[in-house]
Protein chains: 4
Amino acid sequence: MTPPNAARRSERAHRAILEAAYALAVDRGAAKVTIEAIAARAGVGKQTIYRWWPSKGALLLDVLIDAVGAVSEMPDTGDVTADLKAQMTAVTRLFQSDFARFYTGLIAEAQGDEAVARGLAEQLLDRADGPRRARLAKAQRDGELRADVDVAAAAEALYAPIYYRLLLRTAPLGVDQVHALLDVVLDGLRPRE
Amino acid sequence: MTPPNAARRSERAHRAILEAAYALAVDRGAAKVTIEAIAARAGVGKQTIYRWWPSKGALLLDVLIDAVGAVSEMPDTGDVTADLKAQMTAVTRLFQSDFARFYTGLIAEAQGDEAVARGLAEQLLDRADGPRRARLAKAQRDGELRADVDVAAAAEALYAPIYYRLLLRTAPLGVDQVHALLDVVLDGLRPRE
Amino acid sequence: MTPPNAARRSERAHRAILEAAYALAVDRGAAKVTIEAIAARAGVGKQTIYRWWPSKGALLLDVLIDAVGAVSEMPDTGDVTADLKAQMTAVTRLFQSDFARFYTGLIAEAQGDEAVARGLAEQLLDRADGPRRARLAKAQRDGELRADVDVAAAAEALYAPIYYRLLLRTAPLGVDQVHALLDVVLDGLRPRE
Amino acid sequence: MTPPNAARRSERAHRAILEAAYALAVDRGAAKVTIEAIAARAGVGKQTIYRWWPSKGALLLDVLIDAVGAVSEMPDTGDVTADLKAQMTAVTRLFQSDFARFYTGLIAEAQGDEAVARGLAEQLLDRADGPRRARLAKAQRDGELRADVDVAAAAEALYAPIYYRLLLRTAPLGVDQVHALLDVVLDGLRPRE
DNA sequence: CGGTAAGCGAGACGGTACGTCCCGTCTTCCT
DNA sequence: AGGAAGACGGGACGTACCGTCTCGCTTACCG
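Looking up chain A in an unreviewed UniProt entry gives the name TetR family transcriptional regulator, with the organism given as Labedaea rhizosphaerae.

What follows is the structure, given as structure tokens:
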């Protein structure tokens, strides 16, 4: 009925839940995590979880955002290709770690839970996409890219294939993919003399 | 223990299962389909499903493959851009239909079931990818694209963004995305004079 | 893993289960009662049954004990023959009622479930046997029976034939059997002058 | 629809079924025997069992009758007490063997299957009871027992307690029980001088 | 500053679905 | 036609979790 009073929330329980959820999601995949297991591992009543999160997906989303954060940073050395290579490689590395099954599991969860889908798009993906587009726009101003290029589309063409392999597993992730993408996409966007 | 004898399989039951699974997956999403519901709707014992498929995902994969099939066709009018535009638009249309929740649900399933992931990659995605690469390679021979272009990477750069939006929902699917991708990716791959 | 906390047991559910089990066992026989049917009739989750009873037999045993109870009472008018006749007749009447199929069904259950067998013997049969032996012993002290008579064996010789007919159905149960037993067994145990 | 033609029955299959059923019933108890297990062990199709027996109980009853047979024999040395002691001891021994769980299991089966109950009573128990009553009647004619004794009731008082312990397990079976019964029942039936 | 209402741990509850075991029937192919 | 084999529709099993609920217990705020 009435929403819980956030001021009286137990910080101890909150942290224990996030940590338990993280640990379980990383080592058995998000799909196989259960609220009961999280509660048990955190030493917490189930109700305490249901009080603060509407669903398993929402909780895991919080945990993920908490855990990723910094990957959206975008270097700026004046050389777009180098900067993108660095950032795309960092993303690839993350997706090669144990962490990947957590991420993919949460994306799976999002397919059946609109709230998670929205949270994921807005709080994680859009947030990471901003700096990428900004970097490409700056490259445009610097004359590294043609002025008529649609930077949003370019960012998608560069990053989507990494997610594609992460989720669809048609080929392994790796730096070679990053190189190939830069060659195929970014090269074609340079000014023609 | 012993594998079932495929020769004695009931064609009636087989078809009823595939149809029931299809109907349920389309209208409530793959994640919310249960084996019990499929069995009930098909008028079949649960064991008959378990006898022939190892998991819900494996069954849904069969259904999906059965249902998609033709989308991998690739036109060839001599104009790559037009051909890709047509095919990418067809894919986009499919992903805009009710059918999408089935597809995304199955991809979700694949995140926690290696066998489904493999089946999906090999029997659906790779199969669709072949003709795309072939069409790009022909364009290369025809001089429509530069000779040094990595066609596999190009195909990924064109199609992955469609899947990206399908699964991550950062932006709606649509023909405008197709146009933007062709501009950003394919245009850059033309021979430079 | 951990045993349930009996203090928090729902009295409502407990009673509903016992009543449902009783009703089902009486009207379709213990063998044809299923845990699912009990749960459904009681408006209870199956787990609630499994939480408190290890098996169908254990539950039915509780129900039976609950339902019988008073049959172990033994009158004492000073005339052993009359007292035994009264009590044996009461047992016979019980075994002629609808209740019989419940009892026989549970004894059947006991043949394949050691725990039920033990419970039945200790909580029902031994409990009923005590007063019978005590009454016979008193008759001995009163000089109604010879001093060297083995009262336990006598009690068995009197009551076992009733169970024999109940379970093996070689002949119908009835008061005439009671009379015959008293004539054949008890008469022979009187002091010889 | 039409009953099977007994003349064309396969003797090999028939015997294999009886043997398999026997072996399984002895070593896991009649309740845990399944038609599928019998068929598998006998190397026989399930239908072959269903063709010739209406139920598991009916099959097991056939097996049991086949296996017991001789226990109904009653010696006659001229001394009833000695003869009964010998025969009751033989029955007790049988009930102490591995064979007991088969027997008790079948009696359990009979509680829910009228046909089995009838078969058991008529083909096994009554058949065994006849000679016992006959022996007691002869003892009466010989002056070993009083003339007014109801021999049927006496036979029941002597044998029922053995079944009682077999089925209800209030006390272990043993020769001491036999002695006690003879003392308590038979002794009282002798002529009084 | 003592009472009381909130959050908390624990876990029982009514349910749904799981994947398995057998039932008794049926179909096919073989002898 | 009987038999070996085993797929079929079905019912129940015992288990895992779901999300809700009810218990004390502890803790912080408020009259």
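Details of the relation of the copies chain B and chain A
With an RMSD of 0.2 Å, the fit of chain B onto chain A corresponds to turning through 179° and sliding 0.0 Å along the axis. Seen this way, the second copy is the image of the first under a two-fold rotation axis. Here 100% of the contact residues of chain B are again contact residues in chain A; the copies associate through an equivalent surface.

A look at the packing of aromatic side chains
Enumeration over the complete set of coordinates arrives at 27 aromatic pairs over all chains. Summarising the aromatic geometry, the rings of Phe-95 of chain A and Tyr-103 of chain A are spaced 5.3 Å apart at their centres and angled 85° between planes, so their arrangement reads as edge-to-face. Judged on exposure class, the residue Phe-95 of chain A and its partner Tyr-103 of chain A are both buried. Consider the rings of Phe-99 of chain A and Phe-102 of chain A, whose centres lie 5.7 Å apart with planes at 50°: the pair is tilted. Of this pair, Phe-99 of chain A and Phe-102 of chain A both sit in helix H6 (residues 99–111), three residues apart, which is roughly one turn of the helix. Judged by relative accessible area, which is 8%, Phe-99 of chain A ranks as buried. Of the aromatic side chains, those joined through ring pairs into one cluster are Phe-95, Tyr-103 and Tyr-163 of chain A together with Tyr-164 of chain B. Between Arg-132 of chain B and the ring centre of Tyr-159 of chain B, over which it is positioned, the NZ or CZ distance is 3.7 Å.

Quick notes on the pattern of salt bridges
Side chains that differ in charge, positive against negative, can pair when their charged atoms come close. Overall, the coordinates contain 52 salt bridges over all chains when judged by the stated rule. Between Glu-114 of chain A and Arg-118 of chain A there is a salt bridge, with the nearest N and O atoms lying 3.8 Å from each other. A residue pair is termed a helical-turn pair when its members lie 3 or 4 positions apart in one helix, as Glu-114 of chain A and Arg-118 of chain A do in helix H7 (residues 114–141) at four residues. The exposure class of Glu-114 of chain A is partly exposed, given its relative accessible area of 42%. Residue classification places Arg-118 of chain A among the partly exposed positions, given a relative accessible area of 43%. Residue Glu-109 of chain B is joined to Lys-56 of chain B by a salt bridge in which the shortest nitrogen-to-oxygen separation is 4.0 Å. Taken together, the positions of Glu-109 of chain B in helix H6 (residues 99–110) and Lys-56 of chain B in helix H4 (residues 56–68) put the pair 53 residues apart, joining distant regions of the chain. Since its relative accessible area comes to 18%, Lys-56 of chain B is described here as buried. Within the structure, one salt-bridge network assembled from shared partners comprises Asp-76, Asp-83, Arg-135, Lys-138 and Asp-142 of chain A.

Brief notes about the protein's contact with DNA strand F
The environment of DNA strand F is formed by 40 residues, the closest being Lys-46 and Gln-47 of chain A together with Arg-8, Lys-46 and Tyr-50 of chain C. In DNA strand F, atoms within 4 Å of the protein come 64% from sugar and phosphate. One of the backbone nitrogen or oxygen atoms of Gly-45 of chain B is found 3.4 Å away from a phosphate oxygen of DNA strand F. Here a phosphate oxygen of DNA strand F and a side-chain polar atom of Arg-51 of chain B are 3.1 Å apart. In the surface near DNA strand F, the residues fall into eleven nonpolar, 14 polar and 15 charged.

Here's the deal with the arrangement of the chains
At their nearest point, the C-alpha atoms of chain A and chain C are still 13 Å apart, with no contact between the two. No interface is formed between chain B and chain C, the nearest pair of C-alpha atoms being 17 Å apart.

Considerations on helix H8 (residues 151–168) of chain B
Residues and elements named next belong to chain B. If you check H8, its first and last C-alpha atoms are 25 Å apart, about what 18 residues at 1.5 Å a residue would give, namely 26 Å. Along H8, the helix axis deviates most sharply at Tyr-159, where the bend reaches about 30°; the proline Pro-161 sits within four residues downstream. Where H8 begins, one side-chain oxygen reaches toward the backbone nitrogen of Ala-152, 3.1 Å away; that side chain belongs to Asp-150. A positive phi of about 50° marks Arg-169, the residue just after H8.

Quick notes on the interface of chain B and chain A
Counting residues at the interface gives 38 residues for chain B and 38 residues for chain A. Across the chain B to chain A interface the summed buried area is about 3200 Å²; carbon plus sulfur atoms make up 60%. When the area that chain B buries against chain A is broken down by residue, the three leading residues are Gln-111, Glu-156 and Val-184 of chain B, summing to 21%. Applying the counting criterion to the chain B and chain A interface returns four salt bridges. With its nearest N and O atoms 2.7 Å apart, the salt bridge here joins Glu-156 of chain B to Arg-165 of chain A. If you look at where chain B meets chain A, you find ten residue pairs in polar contact (both at pLDDT 80 or more). Those elements that provide at least two residues to the side of chain B that touches chain A are H6, helix H7 (114–141), H8 and helix H9 (175–186) of chain B. If one sorts the elements of the side of chain B that touches chain A by residue count, H8 of chain B sits on top with twelve residues.

Describing the domain arrangement of chain A
All names here are of chain A. You can read the domains of chain A as domain 1 (6–65) and domain 2 (70–189). Centre-to-centre, using C-alpha coordinates, domain 1 lies 28 Å away from domain 2. Every contact between the two is made by 16 residues of domain 1 and, on the other side, 14 residues of domain 2. The junction of domain 1 with domain 2 conceals about 1300 Å² of combined surface from both sides, 76% of it contributed by carbon and sulfur atoms.

Some points on the UniProt feature "DNA-binding region" (unreviewed entry) in chain A
Look at the UniProt record and you will see "DNA-binding region" (unreviewed entry) annotated at residues 34–53 of chain A. End C-alpha to end C-alpha, residues 34–53 of chain A measures 14 Å, and it is 75% helix and 0% strand.

A closer look at the confidence of the model for chain A
In this model, chain A carries an average pLDDT of 94, and 97% of its residues clear a pLDDT of 70 or more. Ranking the elements of chain A by mean pLDDT puts helix H4 (residues 56–68) of chain A last with 93 and helix H8 (residues 151–168) of chain A first with 98.

Comments concerning the relation of the copies chain C and chain D
Between the two copies, chain C and chain D, the superposition gives an RMSD of 0.1 Å; the rotation angle is 180° and the shift along the axis is 0.0 Å. In this assembly, 100% of the residues forming the interface of chain C have copies in chain D that are likewise at the interface, indicating an isologous arrangement.

Quick look at unusual backbone geometry
Although it is not a glycine, Arg-169 of chain A adopts a positive phi angle of roughly 50°. Relative to the helices and strands, Arg-169 of chain A resides in the loop between H8 and helix H9 (175–186).

Here's the deal with the side chain of Glu-144 of chain A
All names here are of chain A. Relative to the helices and strands, Glu-144 resides in the loop between H7 and H8. Lacking a salt bridge, the buried Glu-144 has Arg-135 as its closest oppositely charged neighbour, with an N-O distance of 4.0 Å. Only 3.2 Å separates the side chain of Glu-144 from the backbone nitrogen of Val-80, close enough to count as a polar contact. Setting aside its immediate chain neighbours within four residues, Glu-144 contacts Gly-78, Asp-79, Val-80, Arg-135, Ala-139, Arg-190 and Pro-191.

Quick notes on the packing of helix H4 (residues 56–68) of chain C against helix H6 (residues 99–111) of chain C
Residue and element names in this part refer to chain C. Closest axis-to-axis distance for the H4/H6 pair is 10 Å, and the angle between their directions is 140°. With respect to each other, H4 and H6 are oriented oblique. Classified by chirality, the crossing of H6 by H4 is left-handed. For the pair H4 and H6, the contacting residues are Lys-56, Gly-57, Leu-60, Leu-61, Val-63, Leu-64, Ala-67 and Val-68 in the first and Phe-99, Phe-102, Tyr-103, Leu-106 and Glu-109 in the second. For the contact of H4 with H6, the class distribution of residues is ten nonpolar, one polar and two charged.

Analysis parameters
Residues numbered from 1 in each chain as written. Chains lettered and ligands numbered in written order. Predicted model: local features only at pLDDT ≥ 70, side-chain atom pairs only at ≥ 80, totals over all residues. Heavy atoms only, no water. Least-squares fit on C-alpha atoms with pLDDT ≥ 70 in both. Contact = heavy atoms within 4.5 Å. Phe/Tyr/Trp six-rings, centres within 6.5 Å; stacked < 30°, edge-to-face > 60°. Buried < 20%, exposed > 50% of the residue type's maximum accessible area, 1.4 Å probe, protein only. Helix = DSSP H or I, 4+ residues; strand = E, 2+ residues; numbered from the N terminus. Lys NZ or Arg CZ within 6 Å of the ring centre and 35° of its normal. Salt bridge = Lys/Arg side-chain N within 4 Å of Asp/Glu carboxyl O. Near = heavy atom within 4 Å. Polar contact = N/O pair within 3.5 Å; in protein donor to acceptor, adjacent residues only side chain to side chain. Nonpolar A, V, L, I, M, F, W, Y, C, P; charged D, E, K, R; others polar. Expected span 1.5 Å × (residues − 1). Bend = angle between axes of the 7 residues up to and from the residue. Buried area = accessible area lost by both parts, 1.4 Å probe. Domains from an automatic or database assignment. UniProt positions renumbered as here; feature names shortened; annotations may be inferred. pLDDT = per-residue confidence, 0-100. Lys, Arg positive; Asp, Glu negative; His and termini not counted. Axes fitted to C-alpha atoms, helices over the stretch in contact; angles between N-to-C directions. Parallel < 35°, antiparallel > 145°, perpendicular 65-115°, else oblique. Left-handed = near helix turned anticlockwise from the far one by under 90°.

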